[in-house]
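The residues making up each chain are set out below.
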Amino acid sequence: MDRVVDLDEVAAVLADRTVGWRSAGLEVGQLTWRDAEASWPQALETDRARVQDPDSVGVVISGPGEAELSVVLFRGGWADVDFIASLDNAGSLPASDIASPVDFEARMNQWVARVFGVCGGAQ
């Protein structure tokens with residue numbers, strides 16, 4: 001898989017955003033990492049030091065009314081983005097051609113606002 005996005009830089013972006021999200025009343029789970037070098041099935045790790053060659057990083061954010069946003073970004077520049085905003089408002093969001101950590105941050109802000117109605121960049 002091509003290395004389009006530096007996942008460690010993305011992890012730093014997520015860490016920066018966590019304070020704002022928590023102050024907005026959201027719960028932010030631990031980052032999960034997948035190692036491209038691990039044997040199949042690849043386990044998800046919460047300790048970055050246990051991952052030699054990361055090919056994805058993910059996070060789950062929860063909010064009021066059981067709202068939830070799950071994002072897994074792959075180093076190839078796409079993400080799996082699933083959400084539940086309410087019982088009748090759930091699904092997946094498009095997430096391809098992510099070119100950089102800055103691009104990912106902008107999209108993450110949009111996804112958080114879409115699901116929870118709060119500014120993704122709140123600090």
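Cut-offs applied
- Position labels on residues start from 1 in each chain and follow its written sequence.
- Thresholds applied to this predicted model are a pLDDT of at least 70 for local features of residues and 80 or more for the giving and counting of side-chain atom pairs; totals over whole chains, interfaces and linings are not thresholded and use all residues.
- Side-chain numbers come from the whole structure's heavy atoms, not from hydrogens or water.
- Pairing of aromatic side chains here covers Phe, Tyr and the six-membered ring of Trp, requires ring centres within 6.5 Å, and sorts the geometry by plane angle: under 30 degrees stacked, over 60 edge-to-face, intermediate tilted.
- Between buried and exposed lies partly exposed: a residue is buried under 20% and exposed over 50% of the maximum accessible area for its type, with that area taken using a 1.4 Å probe on protein chains only.
- For a ring to carry a charge above it, either NZ of a lysine or CZ of an arginine must fall within 6 Å of the ring centroid while also lying within 35 degrees of the normal to the ring plane.
- Comment: elements are numbered from the N terminus, with helices defined as DSSP H or I runs of at least four residues and strands as E runs of at least two.
- One less than the residue count of a helix, multiplied by 1.5 Å, gives the span that helix is expected to have.
- Fitting one axis to the seven residues ending at a residue and another to the seven starting there, the bend at that residue is the angle between the two axes.
- Whether two residues are in contact is decided by their heavy atoms, any of which lying within 4.5 Å being enough.
- Here a polar contact means two N or O atoms within 3.5 Å. Within protein one must be a hydrogen donor candidate and the other an acceptor candidate, and residues neighboring in sequence count only if both atoms are side-chain atoms.
- By nonpolar core is meant a set of buried Ala, Val, Leu, Ile, Met, Phe, Trp, Tyr and Cys residues that side-chain atoms within 4.5 Å join together.
- Each axis is a line fitted through C-alpha atoms, taken for helices only over the stretch in contact, and angles between the N-to-C directions span 0 to 180 degrees.
- By convention, the crossing between two helices is left-handed when the near helix turns anticlockwise from the far helix through less than a right angle, and right-handed when the turn is clockwise.
- Ten residue types, Ala, Val, Leu, Ile, Met, Phe, Trp, Tyr, Cys and Pro, are classed as nonpolar, four, Asp, Glu, Lys and Arg, as charged, and the remainder, Gly among them, as polar.
- Pairing between strands requires that DSSP locate at least two bridges from one strand to the other.

1. Overview of the packing of aromatic side chains
Okay, so step 1: Evaluated as defined, the whole model comprises two aromatic pairs.
Okay, so step 2: Judged by centre distance (5.4 Å) and plane angle (20°), the ring pair of F74 and W78 falls under stacked.
Okay, so step 3: Where F104 meets W111, the ring centres are 6.2 Å apart and the plane angle is 70°; that geometry is what we call edge-to-face.
Okay, so step 4: You can call F104 buried: its relative accessible area is 1%.
Okay, so step 5: The class for W111 is buried, based on a relative accessible area of 6%.
Okay, so step 6: Here the basic side chain of R48 rests over the ring of W33, its NZ or CZ set 5.1 Å away from the ring centre.

2. Digging into helix α1 (residues 7-23)
Okay, so step 1: Taking 1.5 Å per residue as the helical rise, α1 with its 17 residues ought to reach 24 Å, and the 25 Å between its terminal C-alpha atoms agrees with that figure.
Okay, so step 2: In α1, a bend of some 30° at R17 exceeds every other bend along the element.
Okay, so step 3: Listing the buried residues of α1 in full gives L7, V10, A11, V13, L14, R17, T18, G20 and W21.
Okay, so step 4: Packing partners of the buried residues in α1 comprise β1 (27-28), β2 (32-35), β4 (54-62), β5 (68-74) and α2 (101-116).
Okay, so step 5: The N-capping residue of α1, defined by a side-chain oxygen 2.9 Å from the backbone nitrogen of D8, is D6.
Okay, so step 6: Of the residues trailing α1, G25 is marked for its positive phi of about 90°.

3. Some points on the nonpolar core
Okay, so step 1: The biggest cluster of nonpolar side chains holds 30 residues, and the ones touching the most others in it are I61, L69, L73, F104, M108 and W111.
Okay, so step 2: Residues contacting W111, with those up to four places away along its chain left out, are L69, V71, A79, V81, L93, P94, A95, I98 and F104.

4. A closer look at the environment of S96
Okay, so step 1: Along the chain, S96 falls in the loop between β7 (89-93) and α2.
Okay, so step 2: Overall, the relative accessible area of 42% leaves S96 in the partly exposed class.
Okay, so step 3: For the pair S96 and G77, spaced 19 residues apart in sequence, the C-alpha to C-alpha distance is 6.3 Å.
Okay, so step 4: Other than its neighbours up to four places away in sequence, S96 contacts G77, W78 and R107.

5. A short note on the packing of α1 against α2
Okay, so step 1: At their nearest, the axes of α1 and α2 sit 10 Å apart, and the two run at 35° to each other. The two elements α1 and α2 cross, and the hand of that crossing is right-handed. Listed contacts from α2 to E9, V10, V13, L14, R17 and W21 of α1 are P101, F104, E105, M108, N109 and V112.
Okay, so step 2: Of the residues contributing to the contact of α1 with α2, the split by class is eight nonpolar, one polar and three charged.

6. Observations concerning the pairing of β7
Okay, so step 1: One ladder, built from five bridges, connects strand β6 (residues 78-86) with β7; its direction is antiparallel. Bridging from a neighbouring strand, S86 pairs with N89 of β7.
Okay, so step 2: Joining the antiparallel neighbours β6 and β7 is a turn of two residues.

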